[in-house]
Amino acid sequence: MNRRRGRFGRPEIVGLMFAAPWLVGISIFGLYPIVSSFYLSLCRYNIIRPPAFIGIENYSILFTEDPLFWKSLWNTVYLTAFGLPVQLGFALAAAMLLNMKVKGQSVFRTLTYLPTVVPAVATAILWVWILNPEYGLLNSVLRFIGLPAPGWLSDPTWSKPALILVGIWGTGNTAIIFLAGLQQVPRALYEAATVDGAGILQQFRHVTLPMLSPVIFFNLVMGIIGSFQYFTHVYVMTAGLGGGGRGAGGPEFSTLVYPLYLYQNAFLFFRMGYASAMAWILFLIVAVILAFVFRTSSWVHEDS
Amino acid sequence: MERFAFLRPFRHVPAYVLLSILAGCFAVPFIWMLSSSLKDTGQIFQFPPTIFPNPVIWDNYQKAVNFIPFLRYLGNTLIICTGAIIGNVLSASLVAYSLGVLRWNGRDHLFKILIASMLLPPQVTMVPVFVIFRSLGMIDTYWPLILPSFFGAPFFIFLLRQFFLGIPQELTEAARIDGCSEFGIYWRVVVPLSVPALATVVLFSFIWTWTDFLTPLIYLQDQNKFTLSLGLQQFQESNRAEWGMLMAAATLITLPIIALFFAAQKTFIEGIVTTGLKG
Amino acid sequence: MQTSPNSETFSHSAPTPPAPRRRRRSGFFPLISLAALALACLAMLAFALPGCNRRVDPNAPVELRFWYAWSGYEGKFLQSLVDEFNATHPHIHVQGSFYNIGDKLLASIAGGSPPDIVTVWEFMLTTMGESGAFFPLEDYVTSAGLTRDSYLPNLYDYGTYGKHRWGVPSAMNALAIFYNTKLVRDAGLDPAQYPKTMAELAEWAKKLTLYDERGIMRQLGFSPSATPVYFWNFGGNYFDTENKRFTLDDPGCIRAMEWMASVHKSSGIVNVRRFSAGFGKLDSPLHPLAQGKMALREDGQWLIKILAEYAPDLDYGVFPFPPEKAGDTAVTRVDSSFWAIPYASKHPDEAWEFLSWLIAPEQSARFCFALRNIPPLHASVNHPAFAEARKDPRFDFFVREVEEGRARTQPAMPVGQQFQEKLEQGQDVVWGGSITPKAFLENLNMDMNRQLDRETRMLGSGDDL
């Protein structure tokens, strides 16, 4: 089996043949679109007429003339920067609860995971109703406790926190992955820590977190990706009365996230070239953020 | 010691309290959905709201099923799911065989590219892919929803590769010595051994296709071709504030998935909980 | 390239791959049976999917697809007209279906196989027409014998931009202010002495907005939305049709915007939004006016039918929009959705044959009567099929506003879609107070004119079709 490196022979041909479906797929649905998207981003293109080359005009409009571009970018950054840590923290806490050795744990695990299989559209519609300022469940509970009942999706200050809240309901996946990570931490480490006189908090700080860091890293990366393609919930939850995708992203554009604005430009305003420019910027932003995350990943414990 | 044995069942009380709060947070929205779906307009807008509908109104379900039209969209969704499942199972297992069982130069590089490609948001390629399908005359057909799965979804390839790595090499080697072709080994040795992993692929590709919204939104325009997710969203657009009906419709489209989840819970939870996380 | 649809939800994670479990199966899958199964499924799919091998029968009627935006009883009535057409025109078969106007239409037109007749909002018509989406109808309209005199005042040019007519108006709405008589009286106001100036209207709005003891809004007085009708009544002109320029910085427009902002401010915009989140769709018992939650509402005459159906006991009336200053002439707005023929339609002649039947005086009168809308032609408004509607003085009031020339239409503009979106969503920001009405309109004006420039630069004058 010790074949020399760098040789190209029969095994390589067979390997490539088996990998062919994906190689063809990534070329047609990955590489070509990225290149093509760059060309389209330099064009004015409404898809009915052929693309007309206009140089960097789309980019200059985006950066200098379109406040909604910045607004949508900010909204997405907001949901990533504030929403993601909250959701990861919640998922971790849930995972630690679900890791306790008690009877009936499988019931609790099931309930935690269940919301993640609910179709996104159904989740969105359900939460519009829960978040209804006057008749919704959440505000009824808040009023009952004597807390202020915000307008949630109808109030620009509260609309993004509302979306984060909906996200928390769907953190079951993340929690279950954390749980799997927790279960891999050797008991001996905790016992050793107890012998050293470490309290619960210290155990968490010095045993749990480091041992869990690869899982945290994984969830962080997946979370960033998820956040930069976050679309369905806002599209459904904030849609205007007009319907047909119009008016989504309100109130006051406070939930106009980047993928939604991109979609609107492409499929509502007929500006495919402009949308392609946004797509390329999205591509670069995600690449830069991920590069940064991977570069600064020295905190990830590479033991397991 | 024995004297306090009766206290033993209570030592977990704090844990149960916390767990119940947690599970409650996840469960209450479901209950609210169900309960609202059984209320008439008067009860819906009752203040303060009640959890138990009284009287129980089943009309909402009947209205929702007729309005959506539920059965037609169910059929559409199942067609697409079937296509996507076949595509995903066939293509992902082939590619995973190449990346997990076969040994060849460049394999690991390819695997890294595969992992990297999982990180690409679909919005980046959305417009050109739409243009591709348009030039193929496939807009407003199911092809754009099915065809891509025949080209290997990175997530499933990854999943199957991890599984294939665990198949003992002796088995494949033995078959190779017996003169089996590579395809023969893939088909007669690896695939039969991987039924549990393939079942996971089937399950997840079913659920993702069922819940997918963006792709049908972009590609399907004729309302007779809508999927359940898209149909539900269109239903919502024309029936705002008819919360009883909306919740009934949402319940209907969620129920099959939940039923499936409970039926295949072993594949699901066991699979998820025993995650290797070799990412 | 596929990414799991699931990972785009905000749960920030993809489902986890299960770990390899070593479970040996001695089962042997025969290659052939699985391949056959796969093939069978594929074949099934190929049948289920719309194929391209439609058989062509020379005697078969031409199939037309017609997308309309009316659901419920309105959709049913329109469908009955379609059936009637099919019965009397054996060489054409129209298949009607309901859709929400918006992204579906654009994707369908972009996709290359759109329906043959579509319904669009007025603000989309020119934008889409000028970008090549629709078939120009001016020759058809002329050949149908429709002239300026056939149309009610101000309506002949409605939907025409430059020399092209991109669609025909379907059924129209004129705007006025509906009031709930009881709520108005309860506030000590007299409906007979309805507001004669915008300042008086603002005063009514304030007096009619009520809060309960918890500080929660109980009744909304009036919530104007930034429609042209206010610009016009403040003497503002926001689009110069002659030079094809936006003039949103017109002092009249700014005063109108400031007036609307002040009305929202005095009701408390945050409360208005919360309150409005409870509103349902408009053609239902959940209409805020029908529920007695709103005292005044700007709306079209179609609401009369809704109220008759869902709130038969509601005591209400209608008054016209006031001008800015007492004594000035007030105008209202009439608007309509349009029927258009997508450029990619393979049967534009047949599509027009259907459309011309549908907009002919009799059909138009019947359709508009069923919807309590206003038909655009004199012959329809005076048609016996429409007479019944005009017996209700409240309804007749709207018709006369249009008939007597007090109603204007939004000018056609090639960036109407963007203008509508930016105005609709931007107004929220103004009411929220984070930008002044003046600054908002000036920015919007600059922005829209820039887009207009680019549009005309790129499209020429739209003559290259």
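Refer to the preceding data block for the structure.
Residues numbered from 1 in each chain as written. Chains lettered and ligands numbered in written order. Predicted model: local features only at pLDDT ≥ 70, side-chain atom pairs only at ≥ 80, totals over all residues. Heavy atoms only, no water.

**Student:** Quick one: what's the story with the overall build of chain A, residue by residue and with numbers?
**Tutor:** For chain A, the count of helices and strands is 13 helices and two strands. Every one of the 304 residues in chain A was classed for burial, and the buried ones make up 64%. Long-range pairs, those at least 24 residues apart, make up 64% of the contacts in chain A with a sequence separation of at least 6. Total accessible area computed for chain A in this model is approximately 12000 Å², and 69% of it derives from carbon and sulfur atoms. (Helix = DSSP H or I, 4+ residues; strand = E, 2+ residues; numbered from the N terminus. Buried < 20%, exposed > 50% of the residue type's maximum accessible area, 1.4 Å probe, protein only. Contact = heavy atoms within 4.5 Å. Areas by Shrake-Rupley, 256 points an atom, 1.4 Å probe, with all protein chains shown as cover.)

**Student:** I'd like a description of a nonpolar patch on the surface, backed by residues and values.
**Tutor:** Taken together, the side chains of F10, V13, V17, L18 and I21 of chain B make up a nonpolar region of the molecular surface, amounting to roughly 460 Å² of accessible area. By the secondary structure assignment, V17 of chain B is in helix α1 (residues 13-37). (Patch = residues over 30% accessible without salt bridge, like charges linked within 9 Å, V, L, I, M, F, W, Y side chains within 5 Å. Salt bridge = Lys/Arg side-chain N within 4 Å of Asp/Glu carboxyl O.)

**Student:** Describe the interface of chain A and chain B, with residues and values.
**Tutor:** Interface size, as often reported, equals the accessible area lost upon joining of the parts. The interface of chain A with chain B comprises 103 residues on the first partner and 91 residues on the second. Carbon and sulfur atoms make up 79% of the surface buried where chain A meets chain B, a total of about 8200 Å² over both sides. Together, F18, W22 and W129 of chain A form the three largest contributors to the area buried by chain A at its contact with chain B, with a combined 11%. On inspection of chain A and its partner chain B, the count reaches zero salt bridges. (Buried area = accessible area lost by both parts, 1.4 Å probe.)

**Student:** Any details on helix α11 (residues 303-310) of chain C? Residues and values, ideally.
**Tutor:** Residues and elements named next belong to chain C. Residues L303, I304, I306 and L307 constitute the buried set of α11. Considered in projection along α11, the buried side chains sweep an arc of 160 degrees and stay on one side of the axis. Where α11 is buried, its residues contact α2 (72-88), β6 (168-180), β11 (296-300), β12 (316-319) and α16 (393-403). (Arc of directions from axis to C-beta.)

**Student:** So what about the nonpolar core? Which residues, and what values?
**Tutor:** Where a protein is soluble and globular, its nonpolar side chains tend to be buried together. Core analysis: the biggest nonpolar cluster contains 280 residues, and W243 of chain B together with F66, F134 and W339 of chain C have the highest contact counts within it. Ranked by residue count, the leading element in this core is helix α3 (residues 67-98) of chain A, at 13 residues. In this structure F134 of chain C touches I109, V118, V120, L125, M128, G129, W166, A340, I341, P342 and Y343 of chain C, once residues within four positions along its chain are discounted. Residues L183, V184, M198 and F275 of chain C belong to the second largest nonpolar core, which totals 53 residues. (Core = buried A, V, L, I, M, F, W, Y, C linked by side-chain atoms within 4.5 Å.)

**Student:** Before we move on, can you summarise the pairing of β11 of chain C with the specific residues and values?
**Tutor:** Residue and element names in this part refer to chain C. When you tally the buried positions in β11, you get five out of five residues, the bulk of the element. The side-chain alternation of β11 yields two buried faces, one formed by L296, E298 and G300 and the other by R297 and D299. As judged from the five bridges shared by β6 and β11, these two strands associate in the antiparallel manner. If you follow L175 over to β11, its bridge partner there is G300. (Pairing = 2+ DSSP bridges.)

**Student:** Which residues make up the packing of aromatic side chains, and what values do they have?
**Tutor:** Enumeration over the complete set of coordinates arrives at 73 aromatic pairs over all chains. One aromatic cluster is present, built from ring pairs that chain together F29, F231, Y235, Y263 and F267 of chain A together with F130, F133, F151, F213 and Y219 of chain B. The ring of Y161 of chain C has K244 of chain C sitting right over it, with the charged end atom 4.5 Å from the ring centre. The lysine or arginine in question, K293 of chain C, covers the ring of F275 of chain C, its NZ or CZ lying 5.7 Å from the ring centre. (Phe/Tyr/Trp six-rings, centres within 6.5 Å; stacked < 30°, edge-to-face > 60°. Lys NZ or Arg CZ within 6 Å of the ring centre and 35° of its normal.)

**Student:** Quick one: what's the story with the packing of helix α1 (residues 10-41) of chain A against helix α4 (residues 70-100) of chain B, residue by residue and with numbers?
**Tutor:** Where α1 of chain A contacts α4 of chain B, the axes come no closer than 7 Å and their chain directions differ by 145 degrees. α1 of chain A and α4 of chain B meet at a crossing whose hand is left-handed. On α4 of chain B, the residues touching G15, F18, A19, P21 and W22 of chain A of α1 of chain A are S91, L94, V95, Y97 and S98 of chain B. Classifying every residue of the contact of α1 of chain A with α4 of chain B gives seven nonpolar, three polar and no charged. (Axes fitted to C-alpha atoms, helices over the stretch in contact; angles between N-to-C directions. Left-handed = near helix turned anticlockwise from the far one by under 90°. Nonpolar A, V, L, I, M, F, W, Y, C, P; charged D, E, K, R; others polar.)

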